[in-house]
Amino acid sequence: MNRVGKGLTLAVLWLLLLTMPYWMAAVGGYTELATRVLVLGLAAMSLNFLLGFTGVLSFGHAAYFGLGAYGAGLTLKYLAPSTPLAILVGVAVGTLAAMVIGALIVKLRGIYFAMVTIAFGQVFYFIAFRWSSVTGGDDGLTGWHRLPLNIGFTQIDILGHDKAYYYLVLLIFAVATGVMALLLRSPFGRTLLAIRENERRARFLGIPIERHIWIAFVVSCFFASLAGTLYALLSNFTDPRALHWTLSGNFVIMAVLGGMRSFWGPLVGAAIFVVLQDYVSSQTQNWMFFIGVFFMLVVLFFPRGVLGLIRGKRA
Amino acid sequence: MTEVVLFNAFNGLIVGAFYALMALGLSLIINLTSVINFAHGGFLALGAYIAYMLIPHIGFWGALLVAPVLTALLGLVVERVLIRHCYGRDPLYSLLLTFGLAYVFEDSTRYIWGAQSLPFQVPKWLMTPLSTDFFFLTGYRLFMVLLVAVAVIGLFLVLNRTRLGMRIRAGTLDLEMVSVLGVNVRILRNLNFGLGIYLAGLAGVLAAGLLGLQPTIGDSLIMPSFVAIIIGGIGSLTGTLLGGLLIGVVSGLTTVFVPSASEAIIYVMMALVLLVRPRGLLGQEGMKL
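Residues numbered from 1 in each chain as written. Chains lettered and ligands numbered in written order. Predicted model: local features only at pLDDT ≥ 70, side-chain atom pairs only at ≥ 80, totals over all residues. Heavy atoms only, no water.

K.L.:
An account of the overall build of chain B is needed here, citing residue identities and associated values.
P.N.:
Assigned secondary structure in chain B consists of 11 helices and 2 strands. Element order for chain B, N to C, with α for helix and β for strand: α-α-α-α-β-β-α-α-α-α-α-α-α. Taking 19 Å as the expected radius of gyration for a compact globule of 289 residues, we find that chain B reaches 19 Å, a close match to that expectation. In terms of overall dimensions, chain B has a C-alpha envelope of 60 × 50 × 35 Å along the principal axes. (Helix = DSSP H or I, 4+ residues; strand = E, 2+ residues; numbered from the N terminus. Rg over C-alpha atoms; globule rule 2.2 N^0.38 Å.)

K.L.:
A description of the overall build of chain A should follow, citing residues and the corresponding values.
P.N.:
The number of helices and strands found in chain A is 14 helices and 2 strands. Projected onto the principal axes, the alpha-carbon positions of chain A cover approximately 55 × 50 × 45 Å. Out of the 315 residues belonging to chain A, those deemed buried represent 55%. Across chain A, contacts joining residues at least 24 apart in sequence account for 76% of those joining residues at least 6 apart. Put simply, chain A shows about 13,700 Å² of open surface, and 66% of that area lies on carbon and sulfur atoms. Chain A carries 22 positive and 10 negative side-chain charges, and their two centres are separated by 16 Å. (Buried < 20%, exposed > 50% of the residue type's maximum accessible area, 1.4 Å probe, protein only. Contact = heavy atoms within 4.5 Å. Areas by Shrake-Rupley, 256 points an atom, 1.4 Å probe, with all protein chains shown as cover. Lys, Arg positive; Asp, Glu negative; His and termini not counted. Charge placed at Lys NZ, Arg CZ, Asp CG, Glu CD.)

K.L.:
Could you give me a rundown of the environment of Leu-245 of chain B, with the residues and numbers involved?
P.N.:
Residues and elements named next belong to chain B. Here Leu-245 shows up in helix 10 (residues 237-257). According to the relative accessible area criterion, Leu-245 is partly exposed, its value standing at 29%. Residues Leu-245 and Arg-89 lie 156 residues apart in sequence; the distance between their C-alpha atoms is 33 Å.

K.L.:
Describe the packing of aromatic side chains, with residues and values.
P.N.:
Under the definition given, this model contains 31 aromatic pairs over all chains. With a centroid separation of 5.3 Å and an interplanar angle of 50 degrees, the aromatic rings of Phe-65 of chain A and Tyr-231 of chain A are classed as tilted. Of the two residues, Phe-65 of chain A sits in helix 3 (residues 61-79) while Tyr-231 of chain A sits in helix 10 (residues 209-235), which places them 166 residues apart along the sequence. Classification of Phe-65 of chain A as buried rests on a relative accessible area of 0%. Measuring from centroid to centroid gives 6.4 Å for Phe-60 of chain B and Tyr-140 of chain B, while their planes differ by 65 degrees, and the two rings are edge-to-face. Within this pair, whereas Phe-60 of chain B is found in helix 2 (residues 40-81), its partner Tyr-140 of chain B is found in helix 5 (residues 139-161), the two being separated by 80 residues in sequence. Residue Phe-60 of chain B shares its accessibility class with Tyr-140 of chain B, and that shared class is buried. (Phe/Tyr/Trp six-rings, centres within 6.5 Å; stacked < 30°, edge-to-face > 60°.)

K.L.:
Break down the interface of chain A and chain B for me, with residues and values.
P.N.:
On the chain B side, the residues contacting the 40 residues of chain A number 44 residues. For the pair chain A and chain B, the summed buried surface comes to about 4,000 Å²; carbon and sulfur atoms form 80% of the total. Between Arg-130 of chain A and Glu-263 of chain B there is a salt bridge, with the nearest N and O atoms lying 2.7 Å from each other. Taken together, the connections running from chain A to chain B amount to 7 residue pairs in polar contact (both at pLDDT 80 or more). When residues of the side of chain A that touches chain B are traced back to their parent elements, those giving at least two are helix 5 (110-130), helix 11 (245-258) and helix 13 (287-301) of chain A. Of all the elements, helix 5 of chain A adds the most residues to the side of chain A that touches chain B, at 13 residues. When grouped by side-chain class, the residues that make up the side of chain A that touches chain B number 30 nonpolar, 7 polar and 3 charged. (Buried area = accessible area lost by both parts, 1.4 Å probe. Salt bridge = Lys/Arg side-chain N within 4 Å of Asp/Glu carboxyl O. Polar contact = N/O pair within 3.5 Å; in protein donor to acceptor, adjacent residues only side chain to side chain. Nonpolar A, V, L, I, M, F, W, Y, C, P; charged D, E, K, R; others polar.)

K.L.:
For the UniProt feature "transmembrane region" (unreviewed entry) in chain B, give the residues involved together with the corresponding values.
P.N.:
Residues and elements named next belong to chain B. Mapped onto this structure's residue numbering, the UniProt feature "transmembrane region" (unreviewed entry) falls at residues 6-28, 35-55, 61-83, 95-114, 134-159, 195-213, 225-250 and 256-276. The span residues 6-28 is 100% helix and 0% strand, and its two end C-alpha atoms sit 32 Å from each other. Across residues 256-276 one finds 67% helix and 0% strand; the C-alpha atoms that close the span lie 27 Å apart. (UniProt positions renumbered as here; feature names shortened; annotations may be inferred.)

K.L.:
Break down the confidence of the model for chain B for me, with residues and values.
P.N.:
Residue and element names in this part refer to chain B. Model confidence for chain B is summarised by a mean pLDDT of 88, while 96% of its residues fall at 70 or above. Mean pLDDT per element in chain B: strand 1 (residues 129-131) is the minimum at 68, and helix 2 is the maximum at 94. Here the prediction assigns the complex a pTM of 0.89, and the interface score ipTM is 0.85. (pLDDT = per-residue confidence, 0-100.)

K.L.:
An account of a nonpolar patch on the surface is needed here, citing residue identities and associated values.
P.N.:
Together, Ile-58, Leu-65, Val-66, Val-69, Leu-70 and Leu-73 of chain B make up an exposed nonpolar region whose accessible area comes to about 490 Å². Relative to the assigned elements, Leu-65 of chain B resides in helix 2. (Patch = residues over 30% accessible without salt bridge, like charges linked within 9 Å, V, L, I, M, F, W, Y side chains within 5 Å.)

K.L.:
Hey, could you go over the packing of helix 2 of chain B against helix 8 (residues 185-211) of chain B for me, with residue numbers and the actual values?
P.N.:
All names here are of chain B. For the pair helix 2 and helix 8, interaxial distance at closest approach is 7 Å and the crossing angle is 140 degrees. For helix 2 against helix 8, the interelement crossing comes out right-handed. Residue composition of the contact of helix 2 with helix 8, grouped by class: 20 nonpolar, 9 polar and 4 charged. (Axes fitted to C-alpha atoms, helices over the stretch in contact; angles between N-to-C directions. Left-handed = near helix turned anticlockwise from the far one by under 90°.)

K.L.:
Tell me what's going on with helix 1 (residues 2-33) of chain B, and back it up with residues and numbers.
P.N.:
Residue and element names in this part refer to chain B. Here helix 1 spans 45 Å end to end across 32 residues, near enough to the 46 Å set by a 1.5 Å rise per residue. By the criterion of burial, helix 1 is predominantly enclosed, with 23 of the 32 residues buried. Phi for Ser-34, located one or two positions after helix 1, is positive at around 60 degrees. (Expected span 1.5 Å × (residues − 1).)

K.L.:
Could you give an account of helix 3 (residues 91-113) of chain B, with specific residues and numbers?
P.N.:
All names here are of chain B. The end-to-end C-alpha distance of helix 3, which contains 23 residues, comes to 33 Å, matching closely the 33 Å that a straight helix rising 1.5 Å per residue would cover. A large share of helix 3 lies buried, amounting to 18 of its 23 residues. Just beyond helix 3, the residue with positive phi is Gly-114, at close to 90 degrees.

K.L.:
For the UniProt feature "transmembrane region" (unreviewed entry) in chain A, give the residues involved together with the corresponding values.
P.N.:
Residues and elements named next belong to chain A. UniProt's entry tags residues 86-106, 111-131, 164-184, 213-233, 253-276 and 288-310 with the feature "transmembrane region" (unreviewed entry), counted in the numbering of this structure. Within the segment residues 86-106, helix and strand shares are 95% and 0% respectively, and the terminal C-alpha atoms sit 29 Å apart. Between the first and last C-alpha atoms of residues 253-276 the distance is 13 Å; the span itself is 75% helix and 0% strand.

K.L.:
Tell me about the side chain of Ser-46 of chain A, and name the residues and values.
P.N.:
As for its placement among the helices and strands, Ser-46 of chain A is situated in helix 2 (residues 31-51). The buried category is assigned to Ser-46 of chain A, whose relative accessible area is 0%.

K.L.:
Which residues make up the pattern of salt bridges, and what values do they have?
P.N.:
A side chain of one charge can pair with a side chain of the opposite charge when the charged atoms of the two come close. By the definition in use, this model includes 12 salt bridges over all chains. Note that Asp-107 of chain B and Arg-110 of chain B form a salt bridge whose closest N and O atoms lie 3.3 Å from each other. With a gap of 3 residues between them, Asp-107 of chain B and Arg-110 of chain B both fall in helix 3, about one helical turn apart. Taken together, the shared-partner salt bridges connect Arg-109, Glu-199, Arg-203 and Glu-210 of chain A into one network.

K.L.:
Describe a positive patch on the surface, with residues and values.
P.N.:
A grouping of Arg-3, Lys-6, Arg-185, Arg-190 and Arg-311 of chain A is seen on the molecular surface, where their side chains present a positively charged patch. Relative to the elements of secondary structure, Lys-6 of chain A occurs in helix 1 (residues 3-23).

K.L.:
Would you mind going over the environment of Tyr-64 of chain A in detail, with residue names and values included?
P.N.:
Take Tyr-64 of chain A: it is sitting in helix 3. With sequence-adjacent residues up to four places away left out, Tyr-64 of chain A is seen in contact with Gly-94, Ala-97, Ala-98, Ile-101, Phe-217, Cys-221, Ala-224 and Ser-225 of chain A.

What follows is the structure in structure tokens.
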């Protein structure tokens, strides 16, 4: 795609995102659903930083997403009534966990890596599930809510106005994706691509593979936990399902559905997934069946994702 | 105290035997085809429900014989229709395909048989306690351990003594070479998958007798089975068996001392094993998938 075309696509994308709360209702959605698209889109994009650009499959990203969610919720419930602090704590908790676990598993590859990431995610799931005096157990963490933002001269009511919260999330989303894009363009990002394309050759070139994969994993989990905090603040609630491996699977399918070799693909995948799930679950109790069939169809017929398909036709 | 510890250790051994039975099936499939079968728990549930349907007609023993075979036949079909599209591709795709399949299985069983727990009749004489002096033990529990032992010995005999088993083992080491030597790899993968699913079905029938029947019966077993495989080392079936029994006993003993940690402990154990031995207890060096 040429430069102008790329710029135009980006402009359209951001225009769509900026106006989403206003046209969402016209296509049968609502503002909260729009926010969910952004949040899960960020989570899927963070996963794709690792999957699509480093070539490492984590099947346990819900762990960091959920740690972010619990970090934010517990901060608001027990620590201090501040939304920014909640986000900071949530991200810090998720990132710290990723640093430790990443160091443990960085030598593993492929299926092995995927299996171990799932298994570690389960540790956090069971902690949240069993430690009910603090986390509320299976019923989830309730009794708190996000608070209006204080920015010196004025207050922004992100609690009462869901559109205001949408725009806060959009702002954070924009900064996060900007940072991700910059990282991928940097020499570090190019090195990740080199590792994805041919790990052995990259190793011969003297690239410290393990360290790069570790950093990529931590960066990826940083953004996943950021998405998790925003998700908890969106519904003023979180429960162990935010940590469960089935959610990790959903992130992966979003990335694959949208196109894992493309930067914006996972956002497109998340949008399709979120809207579809919302629609199917309002129509039938057996939404799991249809989502499952949908998964299989994607794998069998759209392995390169929606954006991959569009690109393939153009090329 | 001794009684409690012994009881929980034995209970853990039973649970571990389940993990092992399920993990062996998963392991067989992973070793030959690099497919992580997320739907394994779904197949397990299906085996249990098929047995539930059969029991009124052919009794528990008949169901125990027939239900796993029917489940395996279904596995053969699923492999032919769906799984085979994933061979030779990024393992990601098989992961997602079977993940979707697991959703479909769970919802289908819920739709057909209902979400509530169903009673599952095992013969009365198996349910009478064998011993209440030393510690409480029903015949069913003892029988389960014995049956798992028989199944495992049978599996190892099949793999070591039959032509099919030897081909599977050879294929695990080098599938391409096996294919060049004139073995029909298509059929080999198919039968291997069926064998794995047979074990899942068998585990399902046994588990239903212990836990009762519900659509999520396989869910609580699938993650520990992965852990068993990782701890034992990918590529080694003996390792998988060992890993399964080990995490069962450890989590059983944890129940005595720190009940709330009994589920998480196996993951902690996995982390420790990986720290010391990244390839698992009995995994071969350089085995990368």
